[in-house]
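What follows is each chain in one-letter form.
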Amino acid sequence: MLTIDRSALIEFLVRLLETPSPSGHTGEAMAMVEEAFGRLNLMPRRTQKGGLVFEMPGASTSAPRALTAHVDTLGAMVKEIKPSGRLRLTQIGYFAWNTIEGEGVTVFCRSGRRVRGSVLCTQASVHIYGGDSEDVKRSDETLEVRLDEPVASETEARSLGIEVGDLVAFDPRVEVGQGGYIRSRHLDDKAGVACVLAALQAMQAAGIKPAQRTSIMISNYEEVSHGAVAGLPADVVEVVTIDMAVVGEGQASGEHNVTACVKDSGGPYDPALSSELRRLAEAADLPLRVDTYPHYSSDGQAVWRTPADVRVALIGPGIDASHNSERTHVDALEATAQLIVEYLRSP
Ligand SMILES: [Zn+2]
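Procedures and definitions
Residues numbered from 1 in each chain as written. Predicted model: local features only at pLDDT ≥ 70, side-chain atom pairs only at ≥ 80, totals over all residues. Heavy atoms only, no water. Helix = DSSP H or I, 4+ residues; strand = E, 2+ residues; numbered from the N terminus. Rg over C-alpha atoms; globule rule 2.2 N^0.38 Å. Areas by Shrake-Rupley, 256 points an atom, 1.4 Å probe, with all protein chains shown as cover. Donors = N, O, S within 2.8 Å, 3.2 Å for Na, K, Ca; no water. Buried < 20%, exposed > 50% of the residue type's maximum accessible area, 1.4 Å probe, protein only. Salt bridge = Lys/Arg side-chain N within 4 Å of Asp/Glu carboxyl O. Core = buried A, V, L, I, M, F, W, Y, C linked by side-chain atoms within 4.5 Å. Contact = heavy atoms within 4.5 Å. Expected span 1.5 Å × (residues − 1). Pairing = 2+ DSSP bridges. Axes fitted to C-alpha atoms, helices over the stretch in contact; angles between N-to-C directions. Parallel < 35°, antiparallel > 145°, perpendicular 65-115°, else oblique. Nonpolar A, V, L, I, M, F, W, Y, C, P; charged D, E, K, R; others polar. Phe/Tyr/Trp six-rings, centres within 6.5 Å; stacked < 30°, edge-to-face > 60°. Polar contact = N/O pair within 3.5 Å; in protein donor to acceptor, adjacent residues only side chain to side chain. Left-handed = near helix turned anticlockwise from the far one by under 90°.

A.B. asks: For the overall build of the protein chain, give the residues involved together with the corresponding values.
C.D. replies: Of the regular secondary structure elements, the protein chain holds eight helices and 19 strands. For 347 residues, the compact-globule formula gives about 20 Å, and the C-alpha radius of gyration of the protein chain, at 21 Å, lands near that figure. When its C-alpha atoms are laid out on the principal axes, the protein chain stretches across 65 × 40 × 40 Å. As displayed, the protein chain has an accessible area near 14500 Å², and 49% of this comes from carbon and sulfur atoms.

Have a look at this one:
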C-alpha cells in the first residue's frame, strides 16, 4: 500500500479551509486547487461555471473513470439591508439557522471590499431581553449580521459598498488537535478535496499511473445541487464521488473510517461499483464502514440526473456533526486517500 503524507494532507486542508468559498464565491479556493493539482503536472480545464477538471492519462482507455469532490461550502447572501444597517441573510445550501449564531462572517462587496461582522440574534443582549431570547426560534427573521463598522443606518451600510446579493462566508474556525482531530465548519467537502490530492501525490511519488484514463472534477456548486452536472467527458462510464460520511447517532460511519455510502436521499448507489470499492478496501485492510445517509445528496447524484449513462458510487471520510461544527480525524482522511489510490490503480 502507498504511503499517504498525513502532514502534507493536513497542511493543504487547513489552507483550503481558511480560504472562504461559499457556493457562488469560489474563485480564490479554486485558484488554490488549480495550483496544488497543477504541481502534479495535471493540465486543468475550467468549466464555464468555474469548476476544474484535470485529465489523467491511464494505462487503458477502455472504461474511462471520473472522481469528483467539491470545494464550495455553505454560506449566505445579503437578503436585505435593514433600516438599522444590520443585514438579513438568505441561506446558500441547507443548514439549521441556530448553527451559525455567534459566528464571525465576511461580506464580499461587489467592489472587492470585504467587511467583517457577526451573526446575532435580534434579541442578543441578555441585559435587555433576559432569558426571552431562549424561546426565539432562530430563522432568517431572528438572526441578523452586525457589521464591525460604524454603521447605524441602511445608508451607512450601503456607503461601505454593501448591496443586496453580496455573498457572505462564515468563519471556518479551523483547529488541528494534537491527537489528530481536525475541527472546522467546512470539512464538507474540503476534506474530500484534500484526500484526492493526497492520493494523487502518493501515486505520483511512487510512479504509479491510473489503470484507466481518469477525469478529476473539483466542482463549485455541490451545496446547491448542480456541481458536477456538467464538465465530465462524455465517454466516462464510472464516477466515484468523494464526499463526507455522516457520523452521529444511528450511523455506521466513524471519524476514523472511510465510508462507502450505499444509499442516500436519492436512492441506492451502483451496487456493483460500491461492492468493488468494498472489495478493494478489504483487500488493502482499510477501516471501511458501509452506511446509508437519511438526508443527503451529492455530486454523484448530480451526475446521475444528467443524460450520462454512468455507474456512480460514493466514498468519503467520516465527519461528525455535519453542516454544523464539523470534526474528523486524520485517520479517516488517510483511509479515504488510500481507498482512492486502490481504486485508481485497480484494473
Ligand atoms: Zn458535501
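A.B. asks: If you had to explain the coordination of the zinc ion to someone new, which residues and values would you point to?
C.D. replies: Distances from the zinc ion to its protein donors, H70 (NE2), D188 (OD), D243 (OD) and D243 (OD), fall within 1.9 to 2.6 Å. Between consecutive donors of the zinc ion, the numbers of intervening residues give the motif H-x117-D-x54-D. Linking D188 in helix 5 (residues 187–206) with D243 in the loop between strand 13 (238–242) and strand 14 (245–247), this pair joins segments that are 55 residues apart in sequence. A single burial state applies to D188 and to D243, both of which are buried.

A.B. asks: Explain the pattern of salt bridges to me, using residue names and the numbers behind them.
C.D. replies: Applying the stated criterion to the full structure yields 25 salt bridges. In this structure, the salt-bridge partner of E238 is R65, at a minimum N-O distance of 3.6 Å. In this pair, E238 sits in strand 13 while R65 sits in strand 3 (residues 60–70), placing the two residues 173 residues apart along the sequence. Judged by its relative accessible area of 6%, R65 falls in the buried class.

A.B. asks: Help me get a handle on the nonpolar core, residues and values and all.
C.D. replies: Counting 79 residues, the largest nonpolar core has F37 and I218 as the members making the most contacts within it. Once residues lying within four places of it in the same chain are set aside, the contact partners of F37 are L42, F54, V193, V196, L197, L200, I216 and I218. Of all hydrophobic cores here, the second largest spans 25 residues; its members include V78, L89, V105 and C109.

A.B. asks: Mind laying out helix 1 (residues 6–17), listing which residues take part and the relevant values?
C.D. replies: An ideal rise of 1.5 Å per residue puts 16 Å on twelve residues; helix 1 measures up with 16 Å between its terminal C-alpha atoms. For helix 1, every residue scored as buried is listed here: L9, I10, F12, L13, V14, L16 and L17. The inward-facing, buried residues of helix 1 contact helix 2 (27–38), strand 10 (175–176), strand 11 (181–184), helix 5 and helix 8 (330–345).

A.B. asks: Help me get a handle on the pairing of strand 6 (residues 104–108), residues and values and all.
C.D. replies: Of all five residues in strand 6, five are buried, a share of seventy percent or more. Burial along strand 6 is two-sided: the face carrying G104, T106 and F108 and the face carrying V105 and V107 are both buried. Hairpin connection, strand 6 to strand 7 (residues 114–121): the antiparallel pair is bridged by five residues, and G112 has positive phi, about 105 degrees. Across four bridges, strand 6 lies against strand 9 (residues 167–170) in antiparallel orientation. Each residue of the ladder has a partner; that of T106, found in strand 9, is A169.

A.B. asks: Can you tell me about the packing of helix 1 against helix 8, naming the residues and giving the values?
C.D. replies: Two elements in contact, helix 1 and helix 8, have axes separated by 11 Å at closest approach and are oriented at 105 degrees. Our classification of the angle between helix 1 and helix 8 gives roughly perpendicular. Between helix 1 and helix 8, the residues in contact are R6, L9, I10 and L13 and V330, D331, L333 and E334, respectively. Tallied by class, the residues present in the contact of helix 1 with helix 8 amount to five nonpolar, no polar and three charged.

A.B. asks: Could you give me a rundown of the environment of W304, with the residues and numbers involved?
C.D. replies: One can find W304 in helix 7 (residues 299–304). Overall, the relative accessible area of 33% leaves W304 in the partly exposed class. In this structure, the C-alpha to C-alpha distance between W304 and A228, residues 76 residues apart in sequence, is 9.4 Å. Residue contacts for W304: discarding those within four places in its chain leaves P268, Y269, D270, V310 and V312.

A.B. asks: Run through the packing of aromatic side chains, naming residues and quoting values.
C.D. replies: In this description, an aromatic ring pair is defined by two values, namely the gap between the centres and the angle between the planes. For the coordinates displayed, the defined rule picks out five aromatic pairs. Taking 4.6 Å as the distance between ring centres and 55 degrees as the angle between the ring planes, the aromatic pair formed by Y293 and Y296 counts as tilted. Overall, Y293 belongs to the buried group, its relative accessible area being 2%. Chaining the aromatic ring pairs together yields one cluster made of F95, W97 and F170.

A.B. asks: Please give an account of the environment of T19 that cites residues and values.
C.D. replies: By the element assignment, T19 lies in the loop between helix 1 and helix 2. Taking C-alpha positions, T19 is 27 Å from T214, a pair spaced 195 residues apart along the chain. Within the structure, the side chain of T19 is placed 2.8 Å from the backbone oxygen of R15, a separation counted as a polar contact.

A.B. asks: Just give me the short version of the packing of helix 2 against helix 5, but keep the residues and values in it.
C.D. replies: Remark: helix 2 packs on helix 5, axes separated minimally by 10 Å, with the N-to-C direction vectors making an angle of 15 degrees. In this view, helix 2 runs roughly parallel relative to helix 5, as classed from their interaxial angle. For helix 2 against helix 5, the interelement crossing comes out right-handed. Contacts from V33, A36 and F37 of helix 2 reach helix 5 at V193, V196, L197 and L200. Here the residues of the contact of helix 2 with helix 5 sort into seven nonpolar, no polar and no charged.

A.B. asks: Describe the environment of R15, naming the residues involved and giving the relevant values.
C.D. replies: Relative to the helices and strands, R15 resides in helix 1. Beyond its immediate chain neighbours, meaning those up to four positions away, R15 contacts M32 and R39. Side chain to side chain, R15 and E11 meet in a polar contact 3.1 Å long.

Function cannot be read off these values alone, since they describe shape.
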